[in-house]
Amino acid sequence: MLREAPTQLPCFCLIDQRTFECNWETVKTVAEYKSASEFKIEIFYFLAQRWFDRAWQSRRDLSTLVPWWGRDDVQKFLEQRGVDRARLLLQRFIGEFGYKYVTPWSIHDRGNQGRTMFYMIHASDHPRATRLMSEAYNAVNRIGSGGMSQIELFCK
């Protein structure tokens, strides 16, 4: 009798939204899904930074952001700045979904004085995931120092 071996292959979900398109309920569904593997689906969640304030301040009704944030305390998130917003998401991935390793990686546009354009928040249960992501991130930054920005690299 053949038994199906549990898979140890990684599964990734890229959540690349235009600022507020992805409701938190979708993130929750992905984070809570488990297959035969002992590891959850790794999430790459893109959080706008450079244009974020302009985007939410153009909203007439902030309650429209509640589904995106997934809680009624969206104002607390909006009052934060830069990496503090990414840290709040990091805390939610750990606290609400139980991810073991969560890191916000800042993505810069070298042509825009190196400003942070967005954060890629990487959530994983795999003990090697952060090291592998760090190697990839550093490789991109080495490429970026040779004349290509991270944004250009991802848009090709």
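Here, the structure is the one placed above.
The structure presented is a predicted model; accordingly, all values stated were derived computationally and were not measured.

K.L.:
Would you mind showing me how to read the overall build of the chain here?
P.N.:
In terms of regular secondary structure, the chain is built from seven helices and four strands. Buried residues in the chain amount to 42% of all 156 residues. Sequence-distant contacts, at least 24 apart, represent 65% of the contacts inside the chain between residues at least 6 apart. Per element, the accessible surface of the chain, about 9500 Å² overall, is 52% carbon and sulfur.

K.L.:
Can you help me understand the packing of aromatic side chains in this one?
P.N.:
Note on aromatic pairs: each is described by the distance of the centres and the angle between the planes. For the structure on display, the rule yields 17 aromatic pairs. With a centroid separation of 5.5 Å and an interplanar angle of 20°, the aromatic rings of Trp24 and Phe97 are classed as stacked. Taken together, the residues Trp24 in helix H1 (residues 24–32) and Phe97 in helix H5 (residues 82–97) connect sequence positions 73 residues apart. We classify Phe97 as buried; its relative accessible area is 6%. Residues Phe52 and Trp68 carry aromatic rings whose centres are separated by 5.9 Å and whose planes lie at 45° to one another, so their mutual orientation is tilted. Here the residue Phe52 occupies a position in helix H2 (residues 52–57), and Trp68 occupies one in helix H3 (residues 66–69), the gap between them amounting to 16 residues. Note on Phe52: relative accessible area 0%, which makes it buried. By way of ring pairs, the aromatic residues Phe20, Trp24, Tyr45, Phe52, Trp68, Trp69, Phe77, Phe93, Phe97 and Tyr99 are connected into one cluster. A cation over an aromatic ring shows up here: Lys40 above the ring of Tyr99, its NZ or CZ 5.0 Å from the ring centre. Over the ring of Trp24 we find Arg92, and its NZ or CZ is 4.0 Å from the ring centre.

K.L.:
I'm lost on the pairing of strand S4 (residues 115–124) in this one. Help?
P.N.:
Here is the key point about a regular strand: its side chains alternate between the two faces of the sheet. With nine of its ten residues buried, S4 lies for the most part within the structure. Pairing geometry for strand S3 (residues 101–109) and S4, over nine bridges, is antiparallel. Counterpart to His108 in the pairing with S4 is Thr116.

K.L.:
Just checking my understanding: could you explain the pattern of salt bridges for this structure?
P.N.:
Should their charged atoms come close, side chains of opposite charge can pair. Per the counting criterion, the structure on display carries seven salt bridges. Linking Glu96 and Arg71 is a salt bridge whose minimum nitrogen-to-oxygen distance equals 3.1 Å. With Glu96 in helix H5 and Arg71 in the loop between H3 and helix H4 (74–78), the pair connects residues that are 25 residues apart, well separated along the chain.

K.L.:
Teacher, can you tell me more about the side chain of Glu42 here?
P.N.:
Mapped onto the fold, Glu42 is located in strand S2 (residues 42–48). Within the local environment of Glu42, its side chain forms a polar contact with the side chain of Ser124, the two groups lying 3.3 Å apart. Beyond its immediate chain neighbours, meaning those up to four positions away, Glu42 contacts Pro10, Cys11, Phe12, Cys13, His122, Ala123, Ser124, His126 and Ala129.

Thresholds applied
- Along each chain, residue indices are assigned from 1 in the same order as the chain's sequence is written.
- Local features in this predicted model are restricted to residues whose pLDDT is 70 or higher, and side-chain atom pairs enter the listing and the counts only when it is 80 or higher, whereas totals over whole chains, interfaces and linings include all residues.
- The basis for the side-chain values is all heavy atoms of the structure; hydrogens and waters are excluded.
- Helix and strand definitions follow DSSP, with helices as H or I runs of at least four residues and strands as E runs of at least two, each counted in order from the N terminus.
- Working definition: with a 1.4 Å probe on protein chains only, accessible area under 20% of the residue-type maximum means buried, over 50% means exposed, and in between means partly exposed.
- In this analysis, two residues are considered to be in contact whenever any of their non-hydrogen atoms come within 4.5 Å of each other.
- Areas reported as accessible are Shrake-Rupley estimates using a 1.4 Å probe. Residue values count occlusion only from the protein chains shown.
- In summary, the pairing rule links any two rings of Phe, Tyr or Trp, Trp by its six-membered ring, whose centres are within 6.5 Å, and it sorts them by plane angle into stacked for under 30 degrees, edge-to-face for over 60 and tilted for everything else.
- Think of it as a cone above the ring: NZ of Lys or CZ of Arg counts as a charge over the ring if it is within 6 Å of the ring centre and within 35 degrees of the ring normal.
- By definition, two strands form a pair when at least two bridges between them are found by DSSP.
- Salt bridge, as used here: a side-chain nitrogen of Lys or Arg that lies within 4 Å of a carboxyl oxygen of Asp or Glu.
- Polar contacts here mean pairs of N or O atoms no more than 3.5 Å apart (in protein, one a potential hydrogen donor and the other a potential acceptor; neighbouring residues in sequence count only if both atoms are side-chain atoms).

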